[in-house]
Amino acid sequence: MTFITDPKRYRWDRDPEYIRNRNIIRAQRRPCARCGKPIAYDEPYWLTVNGRRKINPRAFVAGHIVSRAKSGSNALGNLQPEHAVCSLRSGGSEGARSPNRIAAAPVHPGLSRW
């Protein structure tokens, strides 16, 4: 089976601005912005364990501070060094998992809010 990619499809991870800024962050070798632990900059992103490909949880990822889903950019000021697992945990919706977010009060099914 041949793998065919659509050349018209936009790939944010191949954006020249993102690649340039990711390389700048990688050269700084800072710790993870989410957990503060050191990042394994020299280890590969993918590991093969028992014949299966798995993401290396300690690998480097240039994570977005304001997610692309919330109209964040690939600018250097919007990227930070993260572990792959920390980046996956944060997801594309930083507001949904933020500890400072105030949850809406649950509404009883038989009552209206107003």
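Residues numbered from 1 in each chain as written. Predicted model: local features only at pLDDT ≥ 70, side-chain atom pairs only at ≥ 80, totals over all residues. Heavy atoms only, no water.

Here we look at the nonpolar core
Within soluble globular proteins, side chains that are nonpolar generally end up buried alongside one another.
Part 1: Counting residues in hydrophobic clusters, the biggest one holds 9 residues: Tyr-18, Ile-25, Cys-32, Ile-39, Tyr-41, Phe-60, Ala-62, Leu-79 and Cys-86.
Part 2: Those elements that provide at least two residues to this core are helix H1 (16-28) and strand S3 (60-64).
Part 3: Residues contacting Leu-79, with those up to four places away along its chain left out, are Tyr-18, Asn-21, Arg-22, Ile-25, Ala-62, Gly-63, His-64, Ile-65 and Asn-74. (Core = buried A, V, L, I, M, F, W, Y, C linked by side-chain atoms within 4.5 Å. Buried < 20%, exposed > 50% of the residue type's maximum accessible area, 1.4 Å probe, protein only. Helix = DSSP H or I, 4+ residues; strand = E, 2+ residues; numbered from the N terminus. Contact = heavy atoms within 4.5 Å.)

Details of the environment of Pro-38
Part 1: Here Pro-38 lies in the loop between H1 and strand S1 (46-49).
Part 2: Exposure remark for Pro-38: the relative accessible area of 63% places this residue in the exposed category.
Part 3: Counting along the chain gives 45 residues from Pro-38 to His-83, while the straight-line C-alpha distance between them is 8.6 Å.

With respect to the pairing of strand S4 (residues 79-83)
Part 1: Buried residues dominate S4, accounting for 5 of its 5 residues.
Part 2: Where burial is concerned, the two faces of S4 agree: the one with Leu-79, Pro-81 and His-83 and the one with Gln-80 and Glu-82 are both buried.
Part 3: As judged from the 5 bridges shared by S3 and S4, these two strands associate in the antiparallel manner. Opposite His-64, over in S4, you have Leu-79 as the bridge partner. (Pairing = 2+ DSSP bridges.)

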